[in-house]
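Residue-level listing of the chains:
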Protein chains: 2
Amino acid sequence: MGQSLNPVVTGLRSSAIRDLLAVTRRPGMLSLAGGLPAADTFPAERIGQAVHRALEADPTAVLQYGPTEGYPPLREWIAGYEAARSGRPVDAGQVVVTAGSQQALDLLVRTLAAPGDLVVVEEPAYLGALQAVRAAGAVPVPVPVDSGGLDVDLLARRLAAGLRPAAVYTVTTFHNPSGVVLAPARRRRLAELAERHGFVVIEDDPYAELRFEGDPLPPVRSWSDRVATLGSFSKTLAPGLRVGWVVLPEALAGPVVRLKQAADLQTGSLGQAVVAELVADADWWQAHLRGLRVAYAARAVALHEALTRAFGGRLAVGVPRGGMFAWGRFVDGTDTASLMPVALDRGVAFVPGSEFFVGAPDRATLRLSFATLPPDGLREAVGRLLVAHDEVSSGWSRGSREASSSARCTPSVPAS
Amino acid sequence: MGQSLNPVVTGLRSSAIRDLLAVTRRPGMLSLAGGLPAADTFPAERIGQAVHRALEADPTAVLQYGPTEGYPPLREWIAGYEAARSGRPVDAGQVVVTAGSQQALDLLVRTLAAPGDLVVVEEPAYLGALQAVRAAGAVPVPVPVDSGGLDVDLLARRLAAGLRPAAVYTVTTFHNPSGVVLAPARRRRLAELAERHGFVVIEDDPYAELRFEGDPLPPVRSWSDRVATLGSFSKTLAPGLRVGWVVLPEALAGPVVRLKQAADLQTGSLGQAVVAELVADADWWQAHLRGLRVAYAARAVALHEALTRAFGGRLAVGVPRGGMFAWGRFVDGTDTASLMPVALDRGVAFVPGSEFFVGAPDRATLRLSFATLPPDGLREAVGRLLVAHDEVSSGWSRGSREASSSARCTPSVPAS
C-alpha cells in the first residue's frame with residue numbers, strides 16, 4: 001500500500017482453525033480440527049418452518065432495522081435462561097444479542113481494555129479470545145489450566161503480587177481446547193477475586209448444554225455481578241445463524257451497546273427471530289438438546305476408544321464429559337506441529353496444541369474434535385492419524401535435529 | 001464498576017438515530033428520522049422462498065460455519081457487479097461480505113488507523129462513520145460538503161498544507177445526510193489525491209441503485225486501486241438480513257479478514273445465501289430495483305412538494321434525485337434541536353442537523369427521510385412539522401435568549 005496500517009491489526013495472526021476450514025473441505029479429508037458441530041444435528045426443517053412463521057407473523061420485525069440490543073422476545077428468553085441457571089436476577093436490559101459469542105468477546109475486550117492493558121487468558125487458550133485481545137491492542141497474560149480448569153490459586157497469587165488485569169477470560173465448562181471444567185470452588189473463588197481486585201470476569205460458556213452426565217454447574221455469575229457471561233446458539237442450533245449473547249454487568253450495558261452500534265448496528269433480525277421461535281417451544285428445545293447430548297456423547301466415546309486402542313500409552317487423553325473437544329498429549333516425544341502436514345497427506349486434520357499457547361508451547365499436545373464426524377468417521381480418522389504418527393515416529397527415530405527444527409520453521413498450517 | 005473502562009468506548013455517543021428508533025415506534029408517530037427503508041418494498045415472500053430453496057439445496061452451506069470472507073457465490077456476484085460498474089477488474093479475493101456496510105466501515109477504520117490517526121469525514125457526516133472512527137480511537141477531520149459533494153478542492157489544499165489522513169471517508173452518491181452526489185470530476189480528483197498522498201478512500205455507496213433519473217456515475221474506484229468500496233443490501237433488499245460488502249485494495253484483504261475473524265468469525269450464512277439466491281435471478285432483481293426507484297421517487301416528490309407548500313421560502317430544501325434523504329435549512333432562524341421535542345409532541349420525528357456535525361453545527365439544518373412513509377404519511381408528517389414549527393416560532397419571537405440556550409443544553413434526542 002505504501003501506507004502504514006494499524007500495527008495491531010497487521011500483527012494479527014490468522015486463526016489456524018479458520019485456515020484449516022479450507023483444507024478440511026478437500027474431498028476425502030476427515031477433520032478432527034475445527035469445532036464444527038455435527039451437520040446432521042442441524043434442525044434444518046424446523047429452521048425453515050420458523051423462518052416461514054416469523055415472516056408470516058411480522059415481516060417488518062424480521063426484515064427492518066431493529067434495536068441494537070437485540071430482538072426483544074429473544075432477549076427476554078435469554079434473561080430468563082441465565083437467571084434460572086445462575087439463581088440471580090437478570091434484567092433483559094443486561095442482555096445484548098450478538099453475532100455469535102465471538103462478537104460479544106470482541107466488544108467486551110474493546111470496552112474493558114485500552115491498548116496496552118492486560119487481559120488474563122487461559123493457557124492453552126481459545127484462539128478467538130487471543131485474536132480479540134490482540135485486535136484490541138491489549139496484552140494476553142496466560143494463566144495455566146489444569147484438570148480443574150483455570151488455576152485460580154495461581155491467579156490469586158499473581159494478583160496478590162500486583163497483576164492488575166482489565167479482565168479475566170475463561171471458558172468455564174468443557175474448555176476449548178482442553179475439555180476441562182472449572183471446578184465449583186474455583187468458580188466461586190474467581191468471582192471473589194473479581195470483587196476484591198476490581199476486574200471483570202468474561203465467562204465464555206458456549207458448551208454448557210452439551211453435558212453428557214451429571215448436573216449443570218452454576219456459572220461464575222452466580223457469585224458476582226462483576227461477570228459478563230457469554231452464550232451461543234452456534235453449538236446448539238446452527239453456527240450459520242450467528243446468534244450469541246452476553247449478559248452484562250449493568251454499568252457495561254451502555255458502552256457495549258454504543259460500541260455495537262459502531263461495529264454493525266445490530267445482529268441479523270432473521271436469525272434472531274428464528275432462534276426465538278425455536279426456543280419458545282420448550283418441549284422441542286429440550287428434546288433437541290437431549291438429542292445433541294446423546295449424539296455427541298457417542299462420538300466422544302468412539303474417539304476416545306479409538307485413540308486408546310491405536311496409541312495405547314503413547315497418547316495421554318482424558319475421557320470427554322461434554323463439549324466438543326478431546327485434548328491429547330503424546331508421551332513419546334511426537335511434535336504435533338511436525339505430525340500435522342503428514343496427517344493432512346494421509347487425509348486427517350487436527351490442530352497442533354502449540355497453536356493455543358501464548359507462552360512456550362507444549363509441542364506434544366493436540367486438540368481433537370469429536371463433534372464433526374460420526375463414530376465410523378472418527379475411527380477411520382484415528383486410523384489415519386496412527387499411520388501418520390508412525391511415519392513421523394520412524395522418521396523421528398532415524399531423523400536429525402535439523403529435520404525437526406526445519407519442520408518447526410515451516411508454517412504448521414497452510415495459510416488460506 | 002469501580003474500574004476504569006477504555007475511554008475511547010466510554011466516550012462514544014449513542015447514535016441519535018438509533019435512539020430515535022424507540023421513539024418512532026410510539027403509536028401514531030410519523031417518522032422522517034431514520035433511514036428505514038419502506039417496509040412494503042421488502043420482498044418477504046421471495047425471501048421466504050429463497051430460504052426454503054437454500055435449505056433444500058445445501059443445508060450445511062447455510063447452517064454450518066463458513067469462510068470468514070463470505071459465501072463464495074455471493075462474493076463472485078459482488079465482484080462481477082463492482083467490476084462492471086467501475087470498468088476495472090475485481091477479483092472475488094478482494095471482496096469481503098460483512099454484517100452490513102457498517103461492519104465494513106468499522107473493520108476498515110480499525111485496519112487503516114491506529115489510535116490518534118486522522119480520518120477525513122464529510123461535514124455534515126454519516127453518524128455511523130463518526131462512531132466507527134471514534135471507536136477506533138481515530139480522530140475525525142471534517143471537510144465540508146457542498147452541492148457537488150465533498151469539497152475536494154478544499155481537501156487538496158489541506159493535503160498540500162500538510163494534512164496526512166489515514167483515510168478519507170465519503171458517501172459518494174445521494175449522500176447521507178445531505179442527499180448530494182459527488183460530481184464526476186471530483187471523484188477522479190479524489191482518486192488522484194489518494195494516489196499522490198498515499199491515503200485510502202473509503203467510498204461508501206449504499207444508495208447507488210436508488211437513482212431516480214439519469215445514468216449511474218462511475219465509482220471513485222474506477223480511477224484508483226487505493227479505494228475500498230462499500231456496498232449494502234440493506235437499502236435494496238432488507239436491513240434485517242445484515243448483508244453488506246467491501247471491495248478492498250489487495251493489500252488490505254489479509255488484515256481485514258483477520259480482523260473480521262476476531263470480530264465475529266463470519267457474516268451469517270443464511271442471510272448471505274438468501275441474497276445470493278435473489279440476485280442470481282437477474283430479471284427479478286432488476287425489476288425489483290426498478291420498483292424501488294419508482295416508489296422512492298414518488299415519495300421524494302411528495303415530501304418535497306409538501307415542504308414547499310408548508311414552509312415556502314422559510315425552508316431551503318433541494319429536490320432529491322435519489323437515495324433516502326432530503327436536507328433542509330430553515331432561513332427564519334429556527335433551531336432544529338429546539339424544534340425537535342415539540343415536533344415529537346406533535347407526532348412527527350426528524351433528525352436535527354446538528355447531530356451530523358463534527359465542528360460548529362449549522363443549527364438551522366435538519367435531515368428528513370422520505371423512505372419510511374408513503375406519500376400520504378409524508379404529507380401528514382409535514383403538516384405536523386408545520387404546526388410544531390409555528391409553535392416554536394411564536395415562542396421564539398416572544399422568547400428569551402435564555403430559553404433558547406437552555407434548550408440547547410437539554411439532550412436533543414431522548415436517550416434509549
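The structure displayed is predicted, hence computed values, not measured ones.

A.B. asks: What is the right way to read the environment of alanine 104 of chain A from this model?
C.D. replies: All names here are of chain A. Note that alanine 104 resides in helix α6 (residues 100-112). The exposure class assigned to alanine 104 is buried, which follows from its relative accessible area of 2%. Once the C-alpha coordinates of alanine 104 and proline 72 are considered, the two residues, 32 residues apart in sequence, prove to be 18 Å apart. Alanine 104 has contacts with Thr98, Leu230, Trp245 and Val246, leaving out every residue within four places of it along the chain.

A.B. asks: Teacher, can you tell me more about the nonpolar core here?
C.D. replies: Within the largest apolar cluster, 259 residues are counted, with the highest numbers of intra-cluster contacts made by Leu108, Phe233 and Leu385 of chain A together with Leu108, Phe233 and Leu385 of chain B. Broken down by element, this core gets its largest block of residues, 13 residues, from helix α12 (residues 282-311) of chain A. Contact partners of leucine 108 of chain A, with chain neighbours within four places excluded, come to Ile202, Ala228, Leu230, Val246, Leu248, Leu252 and Val256 of chain A.

A.B. asks: Quick question: what am I supposed to make of the pairing of strand β4 (residues 139-146) of chain B here?
C.D. replies: On a regular strand, one side chain projects to one face of the sheet and the next to the other, so that they alternate. Residues and elements named next belong to chain B. As defined by bridge partners, strand β3 (residues 118-123) adjoins β4 across 6 bridges and the pair is classed as parallel. Counted as the bridge partner of glutamate 122 is valine 143 from β4. This β-α-β element, β3 to helix α7 (residues 127-135) to β4, shows right-handed connectivity. Here 2 bridges tie β4 to strand β5 (residues 149-150), and the two strands are oriented antiparallel to one another. Residue aspartate 146 lies in a different strand from β5, and its bridge partner there is glycine 149. The antiparallel pairing of β4 with β5 creates a hairpin that spans 2 residues between the two strands.

A.B. asks: Whenever I open this one, the sheet that holds strand β6 (residues 167-171) of chain A confuses me. Can you help?
C.D. replies: Strand pairing within a sheet occurs via backbone hydrogen bonds; the two strands may be parallel or antiparallel. Residue and element names in this part refer to chain A. Across the sheet, which stays open at both edges, the 8 strands sit in the order β2-β9-β8-β7-β6-β3-β4-β5 with mixed pairing between neighbours. The open sheet has two free edges, formed respectively by β2 (95-98) and β5 (149-150), since each of these has just one partner strand. The strands that helix α5 (residues 72-86) touches are β2, β8 (227-232) and β9 (244-247); relative to β2, the one it contacts most, it runs at about 115 degrees. Of the strands in this sheet, β3 (118-123), β4 (139-146), β5 and β6 touch helix α8 (residues 152-160), which is tilted by about 140 degrees from β4.

A.B. asks: Can you walk me through the interface of chain B and chain A in this structure?
C.D. replies: Interface size is commonly expressed as the accessible surface area that is lost when the partners come together. Listed as interface residues are 79 residues of chain B and, on the opposing side, 79 residues of chain A. Roughly 6300 Å² is buried in total at the junction of chain B and chain A, and carbon and sulfur atoms are behind 58% of that figure. Along the contact surface separating chain B from chain A lie 2 salt bridges. The residue aspartate 106 of chain A makes a salt bridge to arginine 110 of chain B at a minimum N-O spacing of 3.3 Å.

A.B. asks: Explain the relation of the copies chain B and chain A here, please?
C.D. replies: Between the two copies of the chain lies a rotation about an axis combined with a shift along it. When chain B is fitted onto chain A, the two copies agree to an RMSD of 0.0 Å after a turn of 180 degrees and an axial shift of 0.0 Å. The transformation relating the two chain copies, once decomposed into turn and shift, fits a two-fold axis. The residues that chain B uses at the interface reappear at the interface of chain A in 100% of cases, marking a shared surface.

A.B. asks: What's the story with the environment of aspartate 264 of chain A in this structure? I'm lost.
C.D. replies: Position of aspartate 264 of chain A relative to the elements: it lies in helix α10 (residues 250-264). C-alpha separation for the pair aspartate 264 of chain A and leucine 108 of chain A, spaced 156 residues apart in sequence, amounts to 15 Å. Sequence-distant contacts of aspartate 264 of chain A, that is, excluding residues within four places in its chain, are made with Ala99 and Gln103 of chain A together with Ala99, Gln102, Gln103 and Arg242 of chain B.

A.B. asks: Help me out: how do you make sense of the pattern of salt bridges in this one?
C.D. replies: Here the idea is simple: oppositely charged side chains can pair when their charged atoms come close. According to the stated counting rule, one finds 42 salt bridges over all chains in the structure shown. Notably, a salt bridge pairs glutamate 380 of chain A with arginine 384 of chain A, separated by 3.0 Å at the nearest N-O pair. Note that glutamate 380 of chain A and arginine 384 of chain A are positioned in helix α14 (residues 375-398) at a spacing of 4 residues, about one turn of the helix. The exposure class assigned to glutamate 380 of chain A is partly exposed, which follows from its relative accessible area of 41%. Judged by its relative accessible area of 21%, arginine 384 of chain A falls in the partly exposed class. Salt bridges linked by common partners bring Asp106 and Arg110 of chain A together with Asp106 and Arg110 of chain B together as one network.

A.B. asks: What should I look at first to understand the pairing of strand β11 (residues 325-330) of chain B in this one?
C.D. replies: Residue and element names in this part refer to chain B. Counting buried residues along β11, 5 of its 6 residues qualify, which places the element largely inside the surrounding structure. As defined by bridge partners, strand β10 (residues 315-317) adjoins β11 across 3 bridges and the pair is classed as antiparallel. Within the sheet, the bridge partner assigned to alanine 316 lies in β11 and is arginine 329.

What counts, and where the lines are drawn
- Residues numbered from 1 in each chain as written.
- Chains lettered and ligands numbered in written order.
- Predicted model: local features only at pLDDT ≥ 70, side-chain atom pairs only at ≥ 80, totals over all residues.
- Heavy atoms only, no water.
- Helix = DSSP H or I, 4+ residues; strand = E, 2+ residues; numbered from the N terminus.
- Buried < 20%, exposed > 50% of the residue type's maximum accessible area, 1.4 Å probe, protein only.
- Contact = heavy atoms within 4.5 Å.
- Core = buried A, V, L, I, M, F, W, Y, C linked by side-chain atoms within 4.5 Å.
- Pairing = 2+ DSSP bridges.
- Right-handed = clockwise from strand over helix to strand, strands pointing away.
- Axes fitted to C-alpha atoms, helices over the stretch in contact; angles between N-to-C directions.
- Buried area = accessible area lost by both parts, 1.4 Å probe.
- Salt bridge = Lys/Arg side-chain N within 4 Å of Asp/Glu carboxyl O.
- Least-squares fit on C-alpha atoms with pLDDT ≥ 70 in both.

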